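Read off the chains here:
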Amino acid sequence: MKWNILIKRILFLVAVIGIWQLIFTSGLLEEIVFPSPISVGEALYNGFTRGDFFSALGASFKHLFIGLSMAIAFGTLLGVILGKSKQADETAGMYLIAMQSIPSIVWVPLAIMLFGFSEFAVIFVVVLGGTFVMGLNVRTAIQSVPPQFKRAARTMGTGGLRMFFRVEVPSSVPYFMTGLRLAWAFSWRALMAGELLSNGPGLGYSLAYAQDYARMDQVVGIIVIIGVIGAIVDQFVFSKLEDNVRSRWGLA
Amino acid sequence: MFLEFDQVGKKFKDKENGEFEVFSDINLSIERKEFVSLLGPSGCGKSTLLSMVAGLEKSTAGAISLEGEKIKKAGPDRGMVFQQASLFPWLNVRDNVTFPLKSTMSKKEAEERADHFLKMVHLSRFKKHYTYELSGGMQQRVAIARALAMDPKLLLMDEPFGALDEQTRHILHDELIKVWEETQKTILFVTHSIQEAIKLSDRIVVMGTRPGRIIADFKVDIPRPRSRTDARVVELEEQVMDLLKDEINKVLKEELENEVEYTY
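Basis of the calculations
Residues numbered from 1 in each chain as written. Chains lettered and ligands numbered in written order. Predicted model: local features only at pLDDT ≥ 70, side-chain atom pairs only at ≥ 80, totals over all residues. Helix = DSSP H or I, 4+ residues; strand = E, 2+ residues; numbered from the N terminus. Buried ≥ 20, exposed ≤ 12 C-beta atoms within 10 Å, placed from the backbone. Core = buried A, V, L, I, M, F, W, Y, C linked by C-beta atoms within 7 Å. Contact = placed C-beta atoms within 7 Å. Nonpolar A, V, L, I, M, F, W, Y, C, P; charged D, E, K, R; others polar. Pairing = 2+ DSSP bridges. Axes fitted to C-alpha atoms, helices over the stretch in contact; angles between N-to-C directions. Parallel < 35°, antiparallel > 145°, perpendicular 65-115°, else oblique. Left-handed = near helix turned anticlockwise from the far one by under 90°.

S.K.: Can you break down the overall build of chain A residue by residue, with the values?
M.R.: For chain A, the count of helices and strands is 10 helices and zero strands. Put simply, chain A runs from its N terminus to its C terminus through helices and strands in the order α-α-α-α-α-α-α-α-α-α. Overall size of chain A, expressed as C-alpha extent along the three principal axes, is 75 × 50 × 30 Å. Taken over 252 residues, chain A has a buried fraction of 36%.

Below, the structure is given as structure tokens:
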């Protein structure tokens, strides 16, 4: 990244915090609804040094890891079936899009009634959050293998399973990567929705807990953590991966 | 006969008109080591005919046989080079060339063979490169090396230089002739360029359109390399041009009529 861009971004952040501090000092809003940047900073510092945030983060990442892995596995399976079989796609493809359009928080009451206030209920919501978007992208991936690649492979005596694993799968990798990035993003949102209404542990639960005790400094602090993690994982893991693959595949 | 077309015909199912006949009753014999061009205006079915030899497309009448055996499906005994190089972007140049070899020989053997053919098309320096790093002409040379590495009985080329610029095309013409002389392959080459056909081939099969059919079969007895200004080349060009003029006018007229139908 160029230095001048970095400087612009830092200056913007400084300005936002400055305005925030100004509004706080003006005394227009009560401290209970509008904490100062310093008290939010303190809440973050205390949360991490006492280890509360670390254990909450650890629990959240555990839910996410299990849930996202399952979402990727189920989504890939679903996508390959719909992508390969025209029958299956005509029958169920539309419902996949319908399922995808359901906001994941909607699944929370269902999960709680099925599995109680357990971590399993949270993982269930994360799985539903990621599976459909993964499935849709894998389906697109398989369907958009250039026919030209398959024709060329056929003239080289390739068919059957070798065609699938050596031509269709590698050719699908860029879309698969997009699927991964979106599955992560949807699962991350689903995770927070699920944890918010769970009995903990987890970052979402900590947020609900802070709300119950009217700790606005902690509420804002946790929102900052959630935002920062989301941005970092997206920018430095999935977007990077996707860009690398796309340029290697000659698509960017 | 090496490659034999026996009353080959092709009909496509058409939504509006029911059936559409691309061509019928194509009879043609091609000798081993011959360089034959299929020349014709768009719509004459020359590419469809080539795809049938490759086994990518089925004939609806007659049969094509290679060394007496009927062609039923695609196979590595017929290498094909398409207008788009169709290289796999996830493999480097060398792995693209070894792709068809992996199932029949050891890795070492496959790589030696790939290197041999990459050298033949002057791409030894680029064997570790990925396809997005290559120009169109280089990609097409890799595609030629990939087809040749399978040691096919027949090399099929479907307007392989159609998407390249003039300069590159001329260089690749010369390279192709060298490769052909070195490997002694039989080549079936589809093109719509009269000059390209005359420059390269031993024989030019001219096809007409609506319905698709063979309208002439020229032997090109001009020693290579052939210059565009050679009197014999110019004469042949005019001869073929006259033949094709009526065919091209026919296509234009039909397209104009369609245009009128759509406008009103």
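S.K.: Account for the nonpolar core, naming residues and giving values.
M.R.: Judged by nonpolar contacts, the single largest core of 76 residues is most densely connected at B:V142, B:A145, B:L156 and B:L188. The element contributing the most residues to this core is helix α4 (residues 136-149) of chain B, with eight residues. For B:L156, the residues in contact, after removing those within four places along its chain, are B:L50, B:V53, B:A54, B:R78, B:G79, B:M80 and B:L188. In terms of nonpolar packing, the next biggest core, distinct from the first, is built from 38 residues, A:L64, A:L128, A:F186 and A:L191 among them.

S.K.: Kindly report on unusual backbone geometry, identifying the contributing residues and their values.
M.R.: All names here are of chain B. Note that the residue after R224, namely P225, is joined by a cis bond; omega there is -5°. Among the secondary structure elements, P225 is positioned in the loop between β10 (213-219) and α7 (231-263). Positive phi, close to 50°, is recorded for Q7, a residue that is not glycine. Although it is not a glycine, E159 sits at a positive phi angle of roughly 40°. Residue placement: E159 occurs in the loop between β7 (154-158) and α5 (166-183).

S.K.: Which residues make up the interface of chain A and chain B, and what values do they have?
M.R.: Taken residue by residue, the interface counts 13 residues in chain A and 20 residues in chain B. Looking at the side of chain A that touches chain B, the elements with two or more residues in it are α7 (147-155) and α8 (160-196) of chain A. Take the side of chain A that touches chain B: its biggest share by element is six residues, from α7(A). Here the residues of the side of chain A that touches chain B sort into six nonpolar, four polar and three charged.

S.K.: So, the sheet that holds β7(B): which residues are in play, and what are the values?
M.R.: Residues and elements named next belong to chain B. Strand order in this open sheet of six strands is β6-β7-β8-β3-β9-β10, and the pairing throughout is mixed. A strand with exactly one partner marks an edge of an open sheet, and here the two such strands are β6 (78-81) and β10. Neighbour-to-neighbour, the strand axes of the sheet open up by a mean angle of 20°, direction not taken into account. Pairing geometry for β6 and β7, over four bridges, is parallel. Across the sheet, G79 pairs through a bridge with L155, a residue of β7.

S.K.: Residues and numbers for the packing of helix α3 (residues 107-120) of chain B against α4(B), please.
M.R.: All names here are of chain B. For the pair α3 and α4, interaxial distance at closest approach is 9 Å and the crossing angle is 135°. Considering their axes alone, α3 and α4 lie oblique with respect to each other. Where α3 crosses over α4, the handedness of that crossing is right-handed. Contact with α3, carried on its side by R113, A114, F117, L118 and M120, involves A145, L148 and A149 of α4 and no other residues of that element. Per-class residue counts for the contact of α3 with α4 are seven nonpolar, no polar and one charged.

S.K.: A description of the sheet that holds strand β4 (residues 61-66) of chain B should follow, citing residues and the corresponding values.
M.R.: The strand order across the open sheet built from four strands is β2-β1-β4-β5 (chain B), with neighbouring strands paired in antiparallel fashion. If you trace the sheet from one side to the other, it starts and ends with β2 (18-30) and β5 (69-70) of chain B, each paired once.

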